[in-house]
Amino acid sequence: RAADDYEDGNGTAISGSEFDAQSLLASVVRHLDGNRRFTMSYEIWNSDLNDTDYEQTNTSASFGTIDRRTTDQTLTFGYESAEAYGDLEVTLALSDTDVIQDDASNQGAFGGSVLFEDTDYGYQTVSLDARVTDTFAVGNTDLTLIYGATIARQDRVADSATVNQIEFHPEG
């Protein structure tokens with residue numbers, strides 16, 4: 001996927017709206033019998049933006065520009081089965097996101113801050129979701145009850161290439 005800068009109603013380019021990203025999704029489904037199935041999928045997403053806005057959450061160039069390369073990979077395993085107590089769904093997901101930022105420029109009043117150092121940061125996430133969906137009737141009313149639990153753990157990692165004062169991570 002790719003897009004040039006969007007333009008506002010006056011024809012002015014909206015800063016930070018241009019992007020270029022490649023992605024791939026591969027999945028496998030194995031039917032174990034009439035009521036059970038196993039799924040596995042792998043997704044990778046990659047972008048390489050040069051001189052993109054440092055600030056990712058606003059259409060403003062106030063913090064200057066940076067080169068940012070992002071790679072996100074997710075591996076997901078799923079199991080589904082129809083049981084006497086309801087339809088069971090279990091999903092285990094492993095995700096790894098890596099961002100490399102370098103070549104900051106045009107920070108103006110913010111120049112020289114440790115925030116603009118070359119850095120490599122990311123997240124490793126593991127999540128497990130299990131839920132049961134049960135459909136039943138009470139009188140003339142059909143009801144659906146969904147219950148379950150989700151647990152997740154996310155580790156944030158960062159490495160500053162220039163100084164060791166702080167381990168820089170732009171998300172705090």
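A short tour of the structure in this document, coming up.

Reading the values: rules and limits
Residues numbered from 1 in each chain as written. Predicted model: local features only at pLDDT ≥ 70, side-chain atom pairs only at ≥ 80, totals over all residues. Heavy atoms only, no water. Pairing = 2+ DSSP bridges. Helix = DSSP H or I, 4+ residues; strand = E, 2+ residues; numbered from the N terminus. Buried < 20%, exposed > 50% of the residue type's maximum accessible area, 1.4 Å probe, protein only. Contact = heavy atoms within 4.5 Å. Polar contact = N/O pair within 3.5 Å; in protein donor to acceptor, adjacent residues only side chain to side chain.

Attention now goes to the pairing of strand β4 (residues 65-83). Two strands pair when backbone bridges link them, and strand β3 (residues 36-53) and β4 are joined in this way by 16 bridges, in the antiparallel orientation. If you follow Met40 over to β4, its bridge partner there is Phe77. Sheet analysis places β4 next to strand β5 (residues 86-105), joined by 18 bridges and oriented antiparallel. Each residue of the ladder has a partner; that of Thr70, found in β5, is Val99.

Checked against the element boundaries, Tyr42 lands in strand β3. With relative accessibility at 30%, the residue Tyr42 sits in the partly exposed group. On a C-alpha basis, the gap between Tyr42 and Leu94 in space is 9.7 Å, while along the polypeptide they are 52 residues apart. Leave out the neighbours within four places in its chain, and Tyr42 touches Leu24, Leu25, Ala26, Gln73, Thr74 and Leu75. A polar contact of 2.6 Å, which involves the side chain of Tyr42, links it to the side chain of Gln73.

Functional significance is not addressed by these values, which are geometric in nature.
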